[in-house]
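Chain by chain, the residues:
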Amino acid sequence: MVTDYDSPRKIDDSGQEGFTDTLTRRPDLSSGGIDVDETELAESLELPGADLSGEELAVRVIPPRADEFTCSHCFLVMHRSQRVSGPGGQQVCLECAA
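Structure report, in brief. (Residues numbered from 1 in each chain as written. Predicted model: local features only at pLDDT ≥ 70, side-chain atom pairs only at ≥ 80, totals over all residues. Heavy atoms only, no water.)

1. Thoughts on the overall build of the chain
For clarity, the threshold we go by: Labels follow the DSSP assignment, with helices taken as runs of H or I lasting at least four residues and strands as runs of E lasting at least two, numbered in each case from the N terminus. In this scheme, a residue with accessible area under 20% of its type's maximum is buried, one over 50% is exposed, and one in between is partly exposed, where area comes from a 1.4 Å probe on protein chains only. Contact definition: two residues touch when any of their heavy atoms are within 4.5 Å.
A count of helices and strands for the chain gives 3 helices and 4 strands. Each helix and strand of the chain, placed in order from N terminus to C terminus, yields the pattern α-α-β-β-β-β-α. Relative to its full complement of 98 residues, the chain shows a buried share of 6%. Here the analysis covers contacts within the chain between residues at least 6 apart in sequence; of these, 4% occur between residues at least 24 apart.

As structure tokens, then:
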């Protein structure tokens with residue numbers, strides 16, 4: 001059976017009364033009924049400039065390889081093919097030299 005979804009729908013009066021009653025009785029969603037505990041929310045946030053002196057980092061540091069260098073401007077470790085002589089003979093990467 002082929003259905004034309006663009007055509008106006010026929011309304012069945014017998015079944016529509018219950019449907020419209022349900023729509024008129026639904027709660028107002030814009031009333032802000034979500035209960036949020038502000039104290040709990042504030043404890044979970046990290047503020048910028050917070051004291052992190054008691055925190056420990058567990059990061060494995062790998063020294064630069066023989067074919068790598070550290071850019072003297074951005075301090076990133078790059079491959080030697082990215083190396084350019086900067087002002088004063090410093091080693092800088094192509095991005096910092098541009």
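2. Concerning the packing of aromatic side chains
Where we set the bar: Each Phe, Tyr or Trp ring, with Trp reduced to its six-membered ring, pairs with another whose centre is within 6.5 Å; inter-plane angles below 30 degrees give stacked pairs, above 60 give edge-to-face pairs, and intermediate values give tilted ones. By the criterion adopted, a ring carries a charge over it if an Arg CZ or a Lys NZ lies within 6 Å of its centre and within 35 degrees of its normal.
Summed over all chains, the structure comprises 0 aromatic pairs. Lying across the ring of Phe69, Arg83 places its NZ or CZ 5.7 Å from the centre.

3. Side note on the nonpolar core
Burial of nonpolar side chains together is a common tendency in soluble globular proteins. Worth spelling out the cut-off: Side-chain atoms within 4.5 Å are what join buried Ala, Val, Leu, Ile, Met, Phe, Trp, Tyr and Cys residues into a set we call a nonpolar core.
By size, the foremost hydrophobic cluster in this structure holds 5 residues: Phe69, Cys71, Met78, Val92 and Cys93. Those residues within four positions of Phe69 in sequence are excluded, and the remaining contacts are Leu76, Val77, Met78, His79, Arg80, Gln82, Arg83, Gln91, Val92 and Cys93.

4. A word on a nonpolar patch on the surface
Short version of the rule: Every patch collects residues that have over 30% relative accessible area and no salt bridge, joining them within 9 Å if they carry like charges and within 5 Å if they are nonpolar side chains (Val, Leu, Ile, Met, Phe, Trp, Tyr). Surface exposure here means Shrake-Rupley accessible area, sampled with a 1.4 Å probe, where a residue is shielded only by the protein chains that are shown. Note on definitions: salt bridges are taken to be side-chain nitrogens of Lys or Arg within 4 Å of carboxyl oxygens of Asp or Glu.
Taken together, the side chains of Leu57, Val59 and Val61 make up a nonpolar region of the molecular surface, amounting to roughly 390 Å² of accessible area. Of note, Val59 is situated in the loop between α2 (38–44) and β1 (68–70).

5. Notes on the environment of Phe69
Here Phe69 is to be found in strand β1. With 10 residues separating them along the chain, Phe69 and His79 place their C-alpha atoms 6.4 Å apart.

6. Details of the state of the cysteines
Definition in use: The term disulfide is used for any two cysteine sulfur atoms that are within 2.5 Å.
Evaluated as defined, the whole model comprises 0 disulfides. Free cysteine: Cys71, not disulfide-bonded; nearest cysteine sulfur from Cys74 at 3.6 Å. Among the cysteines around Cys96, which has no disulfide bond, Cys93 carries the closest sulfur, lying 3.5 Å off.

Such coordinate-based values are descriptive only and should not be taken to indicate function.
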